[in-house]
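# Summary of structural features
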Amino acid sequence: MKSAIGVLVAGAMAASLTETNAFAFQSTQQTLNRAKATSTQMSSGDGDSSSLRIMVNGMPGPMATAAAEACLRKGLSLSPIAMTGPDIESSTITVSDDVTGNSAEVRLIPASDEGREDIVSSLAGLRESVGAENVLAIDYTHPSAVNANGVFYAENKLPFVMGTTGGDREQLMSDMESRDAFAVIAPNMGKQIVAMQAGLEDLAEKFPSAFAGYKLEVTESHQKTKADTSGTAKAVIGSLKTLSDDDFDLEEDIKMLRDDESSLAFGVPEDAMNGHAFHTYTLTSPDGSVQFQLQHNVSGRTVYAEGTADAVKFLATKVKSGMEGKVFSMIDVLSEGALE
């Protein structure tokens, strides 16, 4: 697999990615029959993806909504139904993309036992309308729902992109592989951050223990609504531990910031309090005379949302290729040049 090679430089290396996003939605009526009339959502000349219907689960949450907007922006059509939280009342919302002016109405169905039955029934109608291989899902729900949702998608033969972090990731992978599911599962959907992760993995593989004896420190800041430790941080730490042989504990040693005061002090802009990901990883030599620092800062959600839309388009090509079900990573997506 080809990958970008990341180079750590002495001192502070900062790659600051600043993105913003906007979304608007309002309750309206929606029926499955409208899935056939979505020409206003499609970009011209995009024949391969124009037939797709993407079920974006987790709306009206901001990350799921941003992903839905990105799908519209990239010429994809949204499924007229999607899952929402089990405690959220069923409703119909309008998802709008400010850049293209495209919009779509989506009926949100609670992920309760009764709601899942409704979703399965609605899926059958949608697949009959547009073709089974043209219906895919994106998941930005909650860490506590990751494993159950993964099994639901796999058992209903619904290819999906899992953007939600948390849950039991080993069990998730095992469940998907045993069911021959089509999926893209990754802790981060941002193109540049995925490239950085690939570079670090390559560096760790080629030069293990190159930083032997160095002490690793990690601080990560996210919006206060993020319930779990950053999946990106965990992935990067894995590579840095291989490079340094540090006994860093993923559960105990990551410094997580989830309050506005701490995040502001860490350098997060005030207008990004509701959506950001600021990470700093520091390696310090045993005598303290040498320090390496890796930093990636993201304000907003656009970089992740657009990577997610690219991932679902990539997955659709794999489903239509006739190959057996497989779990892909975002590095796979990047390696094939599928991130725009």
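Thresholds applied
- Residues numbered from 1 in each chain as written.
- Predicted model: local features only at pLDDT ≥ 70, side-chain atom pairs only at ≥ 80, totals over all residues.
- Heavy atoms only, no water.
- Helix = DSSP H or I, 4+ residues; strand = E, 2+ residues; numbered from the N terminus.
- Buried < 20%, exposed > 50% of the residue type's maximum accessible area, 1.4 Å probe, protein only.
- Contact = heavy atoms within 4.5 Å.
- Pairing = 2+ DSSP bridges.
- Axes fitted to C-alpha atoms, helices over the stretch in contact; angles between N-to-C directions.
- Salt bridge = Lys/Arg side-chain N within 4 Å of Asp/Glu carboxyl O.
- Patch = residues over 30% accessible without salt bridge, like charges linked within 9 Å, V, L, I, M, F, W, Y side chains within 5 Å.
- Areas by Shrake-Rupley, 256 points an atom, 1.4 Å probe, with all protein chains shown as cover.
- Lys, Arg positive; Asp, Glu negative; His and termini not counted.
- Charge placed at Lys NZ, Arg CZ, Asp CG, Glu CD.
- Phe/Tyr/Trp six-rings, centres within 6.5 Å; stacked < 30°, edge-to-face > 60°.
- Lys NZ or Arg CZ within 6 Å of the ring centre and 35° of its normal.
- Core = buried A, V, L, I, M, F, W, Y, C linked by side-chain atoms within 4.5 Å.
- Arc of directions from axis to C-beta.
- Polar contact = N/O pair within 3.5 Å; in protein donor to acceptor, adjacent residues only side chain to side chain.

Tallying secondary structure elements over the chain gives ten helices and 14 strands in all. Counting the 340 residues in the chain, one finds 53% classified as buried. Considering only residue pairs separated by 6 or more positions, the chain has 74% of its internal contacts joining residues 24 or more positions apart.

Strand pairing in a sheet takes place through backbone hydrogen bonds and is either antiparallel or parallel in direction. Pairing within the open sheet is mixed, and its three strands lie in the order β4-β6-β5. Where the open sheet ends on each side, the last strands, each with one partner, are β4 (81-84) and β5 (91-96). Within the sheet, the average angular offset between the axes of one strand and its neighbour, ignoring direction, is 40°. Contacts between helix α3 (residues 113-130) and the sheet are confined to β4 and β6 (103-110), with β6 contributing the most and set at about 135° to the helix.

The next subject is the pattern of salt bridges. In total, this model carries eleven salt bridges according to the counting rule given. Measuring nitrogen to oxygen at the nearest pair gives 3.4 Å for the salt bridge that ties R179 to E155. Here the residue R179 occupies a position in the loop between α5 (169-178) and β9 (183-185), and E155 occupies one in helix α4 (residues 146-155), the gap between them amounting to 24 residues. Here E155 falls in the exposed class, since its relative accessible area comes to 52%. In the salt-bridge network here, residues are joined through shared partners; they are R73, D97 and E306.

A surface patch of like charges, here negative, comprises D247, D249, E251, E252 and D253. Within the secondary structure, E251 sits in the loop between α7 (231-244) and β11 (254-257).

So, on to the pairing of strand β2 (residues 53-57). With five of five residues buried, β2 lies mostly within the body of the structure. A two-sided burial pattern is seen for β2, the buried positions comprising R53, M55 and N57 on one face and I54 and V56 on the other. Judged from the five bridges that link them, β2 and strand β7 (residues 135-139) form a sheet pairing that is parallel. Within the sheet, the bridge partner assigned to N57 lies in β7 and is D139.

In this section: the packing of aromatic side chains. Applying the stated criterion across every chain yields a total of six aromatic pairs. Between the aromatic rings of F211 and Y214, the centroid separation amounts to 5.4 Å while the plane-to-plane angle is 85°, which identifies the pairing as edge-to-face. Here F211 and Y214 have matching classes, each one buried. Taken together, the ring pairs connect F152, Y153 and F160 into an aromatic cluster. The ring centre of F152 lies 4.9 Å from the NZ or CZ of R116, which sits over that ring.

As a further point, take unusual backbone geometry. At the junction of M59 and P60, the peptide bond is cis and its omega measures out at 10° in the coordinates. Despite not being glycine, K157 has its phi angle at roughly 50°, a positive value.

Below, the discussion takes up the sheet that holds strand β14 (residues 327-328). Pairing in this open sheet of six strands is parallel, and the strands run β3-β2-β7-β8-β9-β14 from one edge to the other. Two strands lie at the open edges of the sheet, namely β3 (77-78) and β14, each paired on one side alone. Summarising the sheet, β2 and β3 pair through two bridges and their orientation is parallel. Bridge pairing in β3 links R53 to S77. Helix α2 (residues 62-73) rests against β2, β3 and β7 of the sheet, and its axis sits at about 165° to β2. Together, β2, β7, β8 (160-162), β9 and β14 form the strand contacts of helix α9 (residues 302-320), whose direction differs from that of β7 by roughly 145°.

This next bit is on the nonpolar core. Of all hydrophobic cores here, the largest spans 91 residues; its most connected members are I54, V56, M59, L78, I138, V184 and M330. When residues of this core are assigned to their parent elements, the largest contribution, ten residues, is made by α9. Once residues lying within four places of it in the same chain are set aside, the contact partners of V184 are F160, V161, M162, A311, F314, L315, F328, S329, M330 and V333.

This part covers α5. Buried within α5 we find L172, D175 and M176. Projection of α5 onto a plane perpendicular to its axis shows the buried side chains occupying an angular sector of 95°, all on one side. Residues of α5 that are exposed and point more than 90 degrees away from the buried face comprise E170, E177 and S178. As for α5, its buried residues are in contact with α4, β8, β9 and β14. Where α5 begins, the capping side chain belongs to D168, and its oxygen is found 3.3 Å from the backbone nitrogen of E170. Following α5 by one or two positions, D180 has its phi on the positive side, about 50°.

A few words now on the environment of T280. By secondary structure assignment, the location of T280 is in strand β12 (residues 276-284). Along the chain, T280 and A233 lie 47 residues apart, while their C-alpha atoms are 9.1 Å from each other. Among all residues touching T280, those that are not within four sequence positions of it are E217, V218, T219, F266, Q293, L294 and Q295. A polar atom in the side chain of T280 sits 3.3 Å from the side chain of Q295.

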